[in-house]
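Spelled out from the first residue to the last, the chains are:
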There are 2 protein chains.
Amino acid sequence: MADVSTQFLTFRDDAPFRLRSGGELPEVTIAYETWGELNEDRSNAILLFHALSGSHHACGRNPEIPGVGDLWQPEMHNGWWEDLIGPGKALDTDRYFIICANYLGGCYGSTGPASDDPRTGKPYGGSFPQVTAADQVDFQARLLDSLGIGTLHATVGPSVGGLVALSFATLLPDRVQRVISIASGYKTTVLNRLILFEQILAIENDPFFNGGNYYDNGRPDYGLALARMISHKTFVHIDAFERRARRDVIPEKEMLAWYKVRDQFQSYMLAQGKKFVKRFDANTYLRIIDLWSHFNPTGEASSDTSAKPLERCAAADQKWLVFSIDSDFCFYPEEQAELVTHLREAGVDPMHITVHSDKGHDSFLLEPHLYTPHIQWILAQ
Amino acid sequence: MADVSTQFLTFRDDAPFRLRSGGELPEVTIAYETWGELNEDRSNAILLFHALSGSHHACGRNPEIPGVGDLWQPEMHNGWWEDLIGPGKALDTDRYFIICANYLGGCYGSTGPASDDPRTGKPYGGSFPQVTAADQVDFQARLLDSLGIGTLHATVGPSVGGLVALSFATLLPDRVQRVISIASGYKTTVLNRLILFEQILAIENDPFFNGGNYYDNGRPDYGLALARMISHKTFVHIDAFERRARRDVIPEKEMLAWYKVRDQFQSYMLAQGKKFVKRFDANTYLRIIDLWSHFNPTGEASSDTSAKPLERCAAADQKWLVFSIDSDFCFYPEEQAELVTHLREAGVDPMHITVHSDKGHDSFLLEPHLYTPHIQWILAQ
């Protein structure tokens, strides 16, 4: 990706950050990257929101993030959406200034549970507050303010990023002109809340978890690995497991120690879990799945109906593009249909596109050509 | 159920029991109950196989099982299939002699991981061998031999019990005339293997698990509770969760201690987990889900095609009745369709009935009227 210059930046804000569900951080740091150039009237910015376990590093090569240490594993060094960002691509760096920030509570440079609490000089750990999508909006709005960006040309959010994009659109309706929501939803389903709760308990049950205060004494790797396995089955289309498990032969010594693997599926899943714990922090994982589990735009906007918060989007004349993936087991197509229904009720006329794929939820990472034409089209309107 | 006399019995066999995947038990005890009378030519016996976490106590009232202690919770005292067993009911005690035995590896009276190993005088714990459906067939065949029963009038197996019924039918084809498989399958799906693996890890990750040797030092309750929660979501139709969670308000003090419950769903699921750990043993749970996870009738019968083992059923002129539940998220209707396809390929002409229910997999426990007419019909043929 030599043709896209990546800037890794941090913005530190010394003003206290008050969280919507209670708690306050005395200061916050926002880790982010940008691609392309901000134009003179600062009107060409696109804000990209990453997925649950993603990072701000969406494009280019970044071999190190200061302070992140071993979590910045080699598999992270290339951007997660390289095929969609660059000259002539879906997010065209010749025309737009693209920004992606690590979430508040994250583990890749933004203030999170592993950061030192300036009040104690020790990591926040379990004392790091609960964060909501609305908090992420407040957090990233500070970044936009610091860059002098008033209204965004667009926001783009795949997966959990789509939930944050939705909050941004309803809470700051005049600060975004176009919203692109990919394989995301409107309100977290009962099934997903159950699956997310299992993951919370998997981590909390780990003997090393210690209420989140584990940075000095070994990490809850088994719990986080199990959580990842639980979620992983929703990311990949079920038909692909058999193929993948046969193809990706995992050497026995690479396994986590506690379980005697009995078949290829188990070894494949354990390898997924093991790979993940090297690159992610359990406390961050808990914060983001909690955000997802309790996501509720109606509540955030203090509204009494589902369409109400979206009426602000209509009033601001936002354009919406909603993608569904027909084989998605994580955010089911019914969830995007619900979002589209509420948008229509509110008076927004969204474009709703279903891509057909055998890759499941992960399609948004793997098949750029399915998304590029419509993204280019709406950005050019 | 004063009209059905229940006999709780144990049969102890001093001959060593060799397991098909290796290992040997020096002796086995089979806990079972019977209802009705065995006729003179011993031709009216029906063998019922219980589900994953069920017991042999399918009908009547049984307030105590010797040696089982606290696990025999009050919720177990009434039989799990009372509405289907009795005079004039689906399994008519005026006509048939019904037998149900606790599985090998069980925790309700049959030899299992909590039993003392006579070679050491201590509980088997982690040294208890892996058990397969074929082992369960061998185990229960010993019981039939002891009762002098050659050929069964029928076997009936709901859920995991249907897998054991299938093994019985293919391994001992001449010992059963009718097979009733309810909400079960032919070969464990990838999705179920993943969900079962999550449950294995949830238990193995518990700090108290200690490789299965925990009987002296506190049980892996958190792990077993999490495993139950993971499976529970597949038993109940997803639409029912919202209703149930609203209705069944759980007092906060009833919760497991480690997690601060944030909503009604979480509290409902935790209560399910907590209730379960009082009545079940984690080592038994592991043995039975392992049986399910690796269930493979083709392998058991040393066959090279899926239909092959079922050809024995055709040769023995077995009659099959297969029930599907349209809302089943545990054994999906596609799984019974696969079983039926293989039966047809093998030359058995099964009766395949889909019941329509909003109760999901649990329908077989809750809605006897949906099953009774066809069960009565096939038993009378």
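As the structure is a prediction and not an experimental result, all values here were calculated from the model. (Residues numbered from 1 in each chain as written. Chains lettered and ligands numbered in written order. Predicted model: local features only at pLDDT ≥ 70, side-chain atom pairs only at ≥ 80, totals over all residues. Heavy atoms only, no water.)

Go over the overall build of chain A, please, and point to the residues and values.
Tallying secondary structure elements over chain A gives 12 helices and 14 strands in all. A compact globule built from 381 residues would reach a C-alpha radius of gyration of about 21 Å, and chain A, at 20 Å, matches this within 12%. Referenced to the eigenvectors of the C-alpha coordinate spread, the extents of chain A come out at roughly 55 × 50 × 50 Å. Classification of the 381 residues of chain A by burial places 62% in the buried group. Considering only contacts in chain A between residues 6 or more positions apart, those separated by 24 or more positions represent 72%. For chain A, the exposed area adds up to about 14,100 Å²; of that, 48% sits on carbon and sulfur atoms. Taken together, the 34 basic and 49 acidic charged side chains of chain A have centroids lying 3 Å from each other. (Helix = DSSP H or I, 4+ residues; strand = E, 2+ residues; numbered from the N terminus. Rg over C-alpha atoms; globule rule 2.2 N^0.38 Å. Buried < 20%, exposed > 50% of the residue type's maximum accessible area, 1.4 Å probe, protein only. Contact = heavy atoms within 4.5 Å. Areas by Shrake-Rupley, 256 points an atom, 1.4 Å probe, with all protein chains shown as cover. Lys, Arg positive; Asp, Glu negative; His and termini not counted. Charge placed at Lys NZ, Arg CZ, Asp CG, Glu CD.)

Which residues make up the UniProt feature "binding site: substrate" (unreviewed entry) in chain A, and what values do they have?
Residues and elements named next belong to chain A. Summarizing the sequence annotation, UniProt attributes the feature "binding site: substrate" (unreviewed entry) to R228 and D362 in the numbering used throughout. These annotated residues cover 135 residues of sequence, but their C-alpha atoms sit close together, with the largest distance between any two at 14.4 Å. Mapping R228 onto the fold places it in helix α4 (residues 221–235). Contact partners of R228, with chain neighbours within four places excluded, come to S53, F235, Q272, G273, F276, R279 and Y285. For D362, the location among the structural elements is in the loop between β14 (351–355) and α11 (363–366). The class for D362 is buried, based on a relative accessible area of 14%. Those residues in contact with D362, other than ones at most four positions away along the chain, are F235, V236 and R244. (UniProt positions renumbered as here; feature names shortened; annotations may be inferred.)

How would you summarise the pairing of strand β5 (residues 45–48) of chain A if you had to cite specific residues and measurements?
Residue and element names in this part refer to chain A. In β5, alternate side chains face the same way, and those of A45 and L47 on one face and I46 and L48 on the other are all buried. Here β5 runs beside strand β8 (residues 97–101); their pairing, made up of 4 bridges, is parallel. The residue bridging L48 from the neighbouring strand is C100, located in β8. Bridge count for β5 against strand β11 (residues 154–158) is 3 bridges, and the pairing is parallel. (Pairing = 2+ DSSP bridges.)

Account for the sheet that holds strand β14 (residues 351–355) of chain B, naming residues and giving values.
Residues and elements named next belong to chain B. Taken together, 8 strands build an open sheet; the order of strands is β1-β4-β8-β5-β11-β12-β13-β14 and the sheet is mixed. The sheet terminates laterally at β1 (7–13) and β14, the two strands that pair on one side only. Shown here is a sheet whose adjacent strand axes are inclined to one another by a mean of 20°, direction ignored. The pairing of strand β11 (residues 154–158) with strand β12 (residues 178–182) spans 4 bridges and is parallel. (Axes fitted to C-alpha atoms, helices over the stretch in contact; angles between N-to-C directions.)

Summarise the interface of chain A and chain B; cite the residues concerned and give the values.
Listed as interface residues are 33 residues of chain A and, on the opposing side, 33 residues of chain B. Between chain A and chain B the total buried area reaches about 3,300 Å² when both faces are included, carbon and sulfur atoms providing 66% of it. It is A:F197, A:N205 and A:R262 in chain A that bury the most area against chain B; as a group they hold 19% of the surface buried on that side. Joining chain A to chain B, the criterion identifies 2 salt bridges. Linking B:E198 and A:K233 is a salt bridge whose minimum nitrogen-to-oxygen distance equals 2.7 Å. The interface formed by chain A and chain B includes 4 residue pairs in polar contact (both at pLDDT 80 or more). When residues of the side of chain A that touches chain B are traced back to their parent elements, those giving at least two are α3 (190–204), α4, α5 (238–247) and α6 (264–279) of chain A. When residues in the side of chain A that touches chain B are grouped by element, the largest group, 11 residues, is from α3(A). Of the residues that constitute the side of chain A that touches chain B, the class distribution is 20 nonpolar, 5 polar and 8 charged. (Buried area = accessible area lost by both parts, 1.4 Å probe. Salt bridge = Lys/Arg side-chain N within 4 Å of Asp/Glu carboxyl O. Polar contact = N/O pair within 3.5 Å; in protein donor to acceptor, adjacent residues only side chain to side chain. Nonpolar A, V, L, I, M, F, W, Y, C, P; charged D, E, K, R; others polar.)

Please give an account of the relation of the copies chain A and chain B that cites residues and values.
Relative to chain B, chain A is turned by 180° and slid 0.0 Å along the rotation axis, the superposed coordinates differing by an RMSD of 0.0 Å. The two molecules are tied by a two-fold rotation axis, judged by turn and shift. Measuring from the rotation axis to each C-alpha of chain A, the shortest distance belongs to A:P207, at 2.8 Å. A share of 100% of interface residues in chain A that are also interface residues in chain B marks the association as one of identical surfaces. (Least-squares fit on C-alpha atoms with pLDDT ≥ 70 in both.)

How would you explain the environment of A:A133 if you had to name every residue and give the values?
Residue and element names in this part refer to chain A. On the secondary structure map, A133 appears in helix α1 (residues 133–147). Residue class for A133 comes out buried when judged on its relative accessible area of 2%. For A133 and N296, which are 163 residues apart along the polypeptide, the C-alpha to C-alpha distance reads 8.8 Å. Apart from the residues lying within four places of it in its own chain, the contact partners of A133 are L163, V164, S167, L291, F295 and E300.

Give me the lowdown on the domain arrangement of chain A, citing residues and values where you can.
All names here are of chain A. In terms of domain boundaries, chain A breaks down into domain 1 (7–189 + 295–380) and domain 2 (192–288). Using only C-alpha atoms to locate each centre, domain 1 and domain 2 end up separated by 25 Å. Each partner contributes to the interface: domain 1 provides 38 residues, whereas domain 2 provides 28 residues. Here domain 1 packs against domain 2, burying approximately 2,600 Å² in sum over the two surfaces, 58% of which is carbon and sulfur. (Domains from an automatic or database assignment.)

Explain α3(A) residue by residue, including any values.
Given 3.6 residues to a turn, an α-helix orients residues that are three or four positions apart in the same direction. For α3(A), built from 15 residues, the straight-helix expectation of 21 Å at 1.5 Å per residue is met to within 8% by its first-to-last C-alpha distance of 21 Å. A large share of α3(A) lies buried, amounting to 14 of its 15 residues. (Expected span 1.5 Å × (residues − 1).)

So what's going on with the confidence of the model for chain A? Which residues, and what values?
Residues with a pLDDT of 70 or more make up 94% of chain A, whose mean pLDDT is 91. Predicted confidence is poor over residues 254–258 of chain A, with pLDDT under 50, and the contacts of this stretch with residues over four places away or in other chains come to 17 contacts. (pLDDT = per-residue confidence, 0-100.)

Go over the pairing of β14(A) with me, naming the residues and quoting the values.
Residue and element names in this part refer to chain A. The pairing of strand β13 (residues 319–325) with β14 spans 5 bridges and is classified as parallel. Bridged to I325 within β14 is V355. A crossover connection joins β13 to the parallel β14 through helix α10 (residues 333–346); in handedness this β-α-β unit is right-handed. (Right-handed = clockwise from strand over helix to strand, strands pointing away.)

I'd love a proper account of the sheet that holds strand β1 (residues 7–13) of chain A, names of residues and values included.
All names here are of chain A. Strand order in the open sheet formed by 8 strands is β1-β4-β8-β5-β11-β12-β13-β14, and the pairing between neighbours is mixed. Looking along the sheet, the strands with just one partner apiece sit at the ends: β1 and β14. Going across the sheet, the axis of each strand differs from the next one's by a mean of 20°, ignoring polarity. Taken together, the 5 bridges between strand β12 (residues 178–182) and β13 define a ladder with parallel strand orientation. Looking at the pairing, I180 lines up with L321 of β13.

Explain the pattern of salt bridges to me, using residue names and the numbers behind them.
Residue and element names in this part refer to chain B. According to the stated counting rule, one finds 24 salt bridges over all chains in the structure shown. For R12, the salt bridge is made with E27, and the minimal N-O distance between the two is 2.9 Å. Linking R12 in strand β1 with E27 in the loop between β3 (24–25) and β4 (28–35), this pair joins segments that are 15 residues apart in sequence. Ionic pairing is found between K359 and D358, a salt bridge with its closest N-O pair at 3.6 Å. The class for K359 is partly exposed, based on a relative accessible area of 32%. Since its relative accessible area comes to 47%, D358 is described here as partly exposed.

Any chance you could break down the packing of aromatic side chains for me, citing the residues and the numbers?
Residue and element names in this part refer to chain A. If you walk through the whole model with that rule in mind, you get 28 aromatic pairs over all chains. Here F280 and Y285 contribute two aromatic rings whose centre-to-centre distance is 6.1 Å and whose plane-to-plane angle is 85°, an arrangement assigned as edge-to-face. On the basis of relative accessible area, Y285 is assigned to the buried category, the value being 0%. Here the aromatic cluster, defined as three or more aromatic residues joined through ring pairs, consists of W72, Y108, F276, F280 and Y285. The positively charged end of R228 is found above the aromatic ring belonging to F276, 4.1 Å away from the centroid. (Phe/Tyr/Trp six-rings, centres within 6.5 Å; stacked < 30°, edge-to-face > 60°. Lys NZ or Arg CZ within 6 Å of the ring centre and 35° of its normal.)

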